[in-house]
Amino acid sequence: MLEKTFESKDVEKKHYELWEKSGVFAADVKSNKSPYCIPMPPPNVTGSLHMGHALNTTLQDILSRFERMQGRDVLWQPGTDHAGIATQMVVERLLEKDGKTRHDLGREAFLKRVWEWKEESGNTITGQIRRLGATPDWGRERFTMDEGLNKAVNKVFVQLYKEKLIYKDKRLVNWDPKLHTAISDLEVDQRETRGNMWHFKYPIKGQADRFITIATTRPETMLGDTAVAVHPSDDRYKDLIGKFVVLPIVGREIPIVADEYADPEKGSGAVKITPAHDFNDFEVGRRHSLALISVLDKDAKINENAPKEYQGLDRFVARKKILAEIEALGLLEKVDTHTYQLPYGDRSGVVIEPMLTDQWYCDAKTLAGPAIKAVEDGRTQFVPANWTKTYYEWMNNIQPWCISRQIWWGHQIPAWYGPDNSVFVAETEEEAKAQAKQKFGKDVALERDPDVLDTWFSSALWPFSTLGWPEKTEEVKRYYPAETLITGFDIIFFWVARMMMMGIHFMGDVPFRKVYIHALVRDEKGQKMSKSKGNIIDPLELIDEHGADALRFTLTALAAQGRDVKLSPKIVGDYRRFATKIWNAARFCEMNGCALKLDFKPESVKQTVNKWIVSELATVSAKAAESLKAYRFNDAAMALYHFTWGTFCDWYIEFTKPMLNGTDEAVKQETKDTTGWVLDQLLLLLNPIMPYMTEELHMHLLGKSGASSDKADWLQSKRWPEFDAKIIDRAAQDEVNWVVKLISEIRSVRADLNVPDGAQIKMLLRGANDNSQKRLKTYHDIIKRLGRLETAEATNAAPPKGSFQTVVEEATVILPISDVVDFGQESTRLRKEIEKCDANIERINKMLNNPAFLAKAPEEVVAEQKEARAEAESIKAKLLQALKQIEDA
């Protein structure tokens, strides 16, 4: 006998251990089934489950389970990312507790310590993913630093180097002065900052008392200025183009150049150019062959390229000294308050500096060409399609990719330097030594490049390196390219684009056919979750409180394409009630002897209501499958929700109670068999979204007391329900759905006009055709019971005074309710509700008619407001209709 309530903790642990132990998640490379591969975006080994992971994992798991049910050989490839900087910082913080640094240990000993930490603590995130009920092939789990992936990384680096697609260059990077490494744009946190804009006057050489004014938020960088730029069509400065200014404090003469980067409408129209400390200035410098003068060292202190009195000063101390000197020279024109974006390292928390350094680069522009064409040709498609535009924008404006990092944890760059600093790039040190011997004619000492590769470099190889490449494995042949990738929009460039580039270059084909981009999970107000706002929702806490099934269903139901997920614990609690509804329905079936009959033939049922539920089940099965294939996860979830809660629980079970309690044994048995079978089919449909409870109930229906070690018994081992179109009985659907519509209209009127629950009212059906009158007669008792009616009759007479009317198909439903409803009071209430609607519509219209709002608001926010207005207008129309009927009555 089923327990009164569903205890998710016990059920989840029991079933997951059985599933994983059995190998039911595993792919079979020798299978003759059609392969389906979905690579898991590898979470950081330092990470713990957040709501973004929960959404991403849930959607991947739904597809994996669904495709298994479609009879496919599914490889959901799991693994974790070594997370270079993040992991190194974790271990360095542990060392700090012992008063040590990584330099005290040395590189080899430090890396050993990191590996020890990884073995002890690096499996936290994968354990948490298991709690969600995820079913990747854990036996194939990979790590971006494991031996096989390291081999792949080295091979790719060497080949790209030989093809001149990897090279060394001196360019600007995001430099973290605390971590002493270059970092990617994704690791830069742009913070809105209220500061100052200082306007300096630079003296024109040879023209006494003539100056050109520039503005800056970073006065310390002026020490590295090598030009002033003006727009070529700016008449104010045409006579100065080609002349020089004398750089204050430094005394260096720098040219005035014409460049369209300068905006005549902004400030004075002239801009200082510091190519070694600003990304835009760097490009201007290249166009005009300007000197690159770096004035900051790796600690962001002023270096030897600045005047002696500034050397060794911290950048912000130097700023104060420069401002004082500029003011003393009479060259400070004015100071404005200014709000701007200031870049901080997301790990270190310090201000990032654009820094001119020697780094390894990948020629991303060359690799991007085929990756762009692959999407243009439709070989890879983005869902929703609007993300294709974002992909093109990034790829068409791609810059050289800085792939080196100045840390110890990661794939060390396979490059060695000889005595004359010549470089030897090879997959192994032995090969590098052989190259060096060939060059020098003898064995020479080599020193390996200390830098490691950007974490994204190894991640870019994920779709094929995890399958055993560069070996020609059966897995590579069978599972590459993958069918689907599910990921967030924030890493389309950092990860998706780079996988496309590397996959096409090394495998000759795209890495995946479809890329589904899911939205952000925000709080209920639509705000991004952050520690500073205190609005982070912990998925593990929600699982503890409501169960994994409730969280999974919530995320799926809210995962509309192109729409951010607005989440609150209350919403998860609401969907927990959906799980409770299913559980209670199963208990009802059990108590009424509605067991699963394995040889049940749905096409053989004779009772109309049983034909109806079989038809509705077949319809929702097809709709859910169609939605999942189109990545409309929310549509699939809501179709199953409405069928479960409404069609099955609220209607079918209520319709069949008299049949189950009746005296016709044949009808009773057919209804029991139908109910048990429909429940089990429903559990099968819900299983990809709600795996735990559905499996538990299925086992009870099989009489296995909630557990089985036989894989054949499990829902995830069964086929998705597919039905022949002949099983759908349109006549039965029309008949019973008419009854549902009639009762729903009666209930709606009762609710809208506050008819007391206990009041038994009369119902007249006017203008009904023969078919409708026959249905009214057949289902008379059910209509009376579920509509809480005193009488239910057909009529051709005029409506009695004090009646409220509504329509069902050709017939008018007349409800004389003046004796149980105070029409005057209801009229007043309805008018107030209409006023609220008007105020809401007016508020939304003001917003949507505001150009400033439209300019700043994301498209989805505008769409939400339009939907909210449409909903308010619909409610108002319904209220007006009700008000008119009350006044006419």
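Residues numbered from 1 in each chain as written. Predicted model: local features only at pLDDT ≥ 70, side-chain atom pairs only at ≥ 80, totals over all residues. Heavy atoms only, no water.

Asker: Explain the pairing of strand 9 (residues 227–230) residue by residue, including any values.
Answerer: Across the two faces of strand 9 the burial is the same, with Ala227 and Ala229 and Val228 and Val230 all buried. As defined by bridge partners, strand 9 adjoins strand 11 (residues 253–258) across 3 bridges and the pair is classed as parallel. In the strand pairing of strand 11, Ala229 is matched with Val257. (Buried < 20%, exposed > 50% of the residue type's maximum accessible area, 1.4 Å probe, protein only. Helix = DSSP H or I, 4+ residues; strand = E, 2+ residues; numbered from the N terminus. Pairing = 2+ DSSP bridges.)

Asker: For empty space enclosed by the protein, give the residues involved together with the corresponding values.
Answerer: A full pass over the atoms with the stated rule returns 1 cavity of 30 Å³ or more. Reported here for the largest cavity is a volume of approximately 70 Å³. Going through the elements one at a time, helix 3 (84–97) and strand 21 (452–453) are the ones with two or more residues in the lining of the largest cavity. Across the lining of the largest cavity, the residue classes tally to 5 nonpolar, 4 polar and 3 charged. (1 Å grid on protein atoms, 1.4 Å probe; cavity = no way out; pocket = protein on both sides within 12 Å on 5 of 7 lines; lining within 4 Å. Points joined across faces, edges and corners; volume = space filled by probe spheres on them. Nonpolar A, V, L, I, M, F, W, Y, C, P; charged D, E, K, R; others polar.)

Asker: Which residues make up unusual backbone geometry, and what values do they have?
Answerer: Backbone torsion omega between Trp469 and Pro470 reads 20 degrees, so that peptide bond is classified as cis. Each neighbour pair has its own omega, and for Tyr480 with Pro481 the value is 0 degrees, a cis peptide bond. Along the chain, Pro481 falls in the loop between helix 15 (474–479) and strand 22 (482–488). Here the phi dihedral of His180 falls at roughly 60 degrees; this positive angle occurs in a residue that is not glycine. By relative accessible area, His180 is classed as partly exposed at 24%. Phi is positive for Ala300, close to 65 degrees, though the residue is something other than glycine.

Asker: How would you summarise the environment of Glu670 if you had to cite specific residues and measurements?
Answerer: Relative to the assigned elements, Glu670 resides in helix 22 (residues 665–686). Each C-alpha atom of the pair Glu670 and Lys525 lies 49 Å from the other, and the pair is 145 residues apart in sequence. Excluding its chain neighbours within four sequence positions, the residues that come into contact with Glu670 are Val605, Lys606, Gln607 and Asn610. (Contact = heavy atoms within 4.5 Å.)

Asker: Describe the nonpolar core, and please don't skip the residues or the numbers.
Answerer: Phe553, Trp612, Phe633, Phe648, Phe655, Met763 and Ile783 are the most contacted members of the largest nonpolar core, which has 143 residues in total. Considering each element in turn, this core owes the most residues, 15 residues, to helix 21 (residues 633–660). Those residues in contact with Ile783 that sit more than four places away from it in its chain are Trp738, Val739, Leu742, Ile743, Met763, Leu776, Arg788, Leu789 and Ala792. Listed in part, the 63 residues of the second largest apolar core include Ala415, Trp456, Val476 and Met500. (Core = buried A, V, L, I, M, F, W, Y, C linked by side-chain atoms within 4.5 Å.)

Asker: Kindly report on the sheet that holds strand 9, identifying the contributing residues and their values.
Answerer: With mixed pairing, the 4 strands of this open sheet are ordered in space as 10-11-9-12. Sheet topology places strand 10 (244–246) and strand 12 (270–273) at the edges, where each strand pairs with a single neighbour. For this sheet the average axis-to-axis angle between neighbouring strands, irrespective of direction, equals 30 degrees. As defined by bridge partners, strand 10 adjoins strand 11 across 3 bridges and the pair is classed as antiparallel. Bridging across to strand 11, Phe244 finds its partner in Pro255. (Axes fitted to C-alpha atoms, helices over the stretch in contact; angles between N-to-C directions.)

Asker: Describe in detail the layout of surface pockets, supporting the description with residues and values.
Answerer: One number sums up the size of the second largest pocket: a volume of about 740 Å³. What lines the second largest pocket is a set of 27 residues, among which Asp185, Phe279, Gln399, Pro400 and Phe493 lie closest to the centre. Classifying every residue of the lining of the second largest pocket by side-chain character gives 15 nonpolar, 5 polar and 7 charged.

Asker: Go over the packing of helix 19 (residues 569–591) against helix 23 (residues 691–701), please, and point to the residues and values.
Answerer: If you want to describe how two helices pack, look at the angle between their axes and the distance between the axes. Where helix 19 meets helix 23, the closest approach of the two axes is 11 Å, and the angle between their N-to-C directions is 0 degrees. Judged by the angle between their axes, helix 19 and helix 23 are roughly parallel. Together, Ala579, Ile582, Trp583 and Ala586 of helix 19 and Met693, Glu696 and Leu697 of helix 23 make up the contact between the two elements. Per-class residue counts for the contact of helix 19 with helix 23 are 6 nonpolar, no polar and 1 charged. (Parallel < 35°, antiparallel > 145°, perpendicular 65-115°, else oblique.)

Asker: Can you break down the pairing of strand 14 (residues 353–362) residue by residue, with the values?
Answerer: Where burial is concerned, most of strand 14 is hidden: 9 out of the 10 residues are buried. Bridge count between strand 5 (residues 166–176) and strand 14: 10 bridges; the pairing is antiparallel. If you follow Tyr167 over to strand 14, its bridge partner there is Tyr361.

Asker: Can you explain the packing of helix 21 against helix 22? Please cite residues and give values.
Answerer: Axis separation between helix 21 and helix 22 bottoms out at 11 Å; the angle between their running directions is 170 degrees. Of the possible angle classes, the one that applies to helix 21 and helix 22 is roughly antiparallel. Pair helix 21 / helix 22 crosses with left-handed handedness. Of the residues in helix 22, those touching helix 21 at Leu640, Phe643, Thr644, Phe648, Tyr652, Thr656, Met659 and Leu660 are Val667, Lys668, Thr671, Lys672, Thr674, Thr675, Val678, Leu679, Leu682, Leu685 and Leu686. Along the lines of polarity and charge, the residues of the contact of helix 21 with helix 22 split into 12 nonpolar, 5 polar and 2 charged. (Left-handed = near helix turned anticlockwise from the far one by under 90°.)

Asker: Go over the sheet that holds strand 28 (residues 803–808), please, and point to the residues and values.
Answerer: An order of 27-26-29-28 is seen for the 4 strands of this open sheet, with the pairing classed as mixed. Each end of this open sheet is capped by a strand with a single partner; those strands are strand 27 (789–795) and strand 28. The sheet shows a mean angle of 20 degrees between the axes of neighbouring strands, taken without regard to direction. In this sheet, strand 29 (residues 811–816) lies alongside strand 26 (residues 761–766) in antiparallel orientation, the contact comprising 3 bridges. Bridging from a neighbouring strand, Arg766 pairs with Thr812 of strand 29.

Asker: Residue-level account of the pattern of salt bridges, with values.
Answerer: Across all of its chains, the model carries 54 salt bridges by this definition. Of the charged contacts, one joins Glu119 and Lys118 as a salt bridge, the two residues approaching to 3.9 Å between their closest N and O atoms. Taking the relative accessible area as the measure of exposure, Glu119 reaches 52% and is therefore exposed. Salt-bridge contacts for Arg142 lead to Asp146; the nearest nitrogen and oxygen are separated by 2.9 Å. The buried category is assigned to Asp146, whose relative accessible area is 18%. In the salt-bridge network here, residues are joined through shared partners; they are Asp61, Arg65 and Arg552. (Salt bridge = Lys/Arg side-chain N within 4 Å of Asp/Glu carboxyl O.)

Asker: Mind laying out the packing of aromatic side chains, listing which residues take part and the relevant values?
Answerer: Taken as a whole and assessed by the stated rule, the structure comprises 39 aromatic pairs. Arranged with centres 5.6 Å apart and planes meeting at 50 degrees, the rings of Tyr16 and Phe25 form a pair that is tilted. The pair formed by Tyr16 and Phe25 is uniform in burial state, with each residue classed as buried. For the ring pair Tyr167 and Tyr361, a centre distance of 6.2 Å and an interplane angle of 20 degrees mean the geometry is stacked. Of the two residues, Tyr167 is situated in strand 5 and Tyr361 in strand 14; the sequence distance between them amounts to 194 residues. Owing to a relative accessible area of 24%, Tyr167 belongs among the partly exposed residues under this scheme. We classify Tyr361 as buried; its relative accessible area is 1%. A network of ring pairs unites the aromatic residues Phe157, Tyr161, Trp360, Trp401 and Phe457 as a single cluster. If you follow Arg191 out to its NZ or CZ, it ends over the ring of Tyr344, 4.0 Å from the centre. (Phe/Tyr/Trp six-rings, centres within 6.5 Å; stacked < 30°, edge-to-face > 60°. Lys NZ or Arg CZ within 6 Å of the ring centre and 35° of its normal.)

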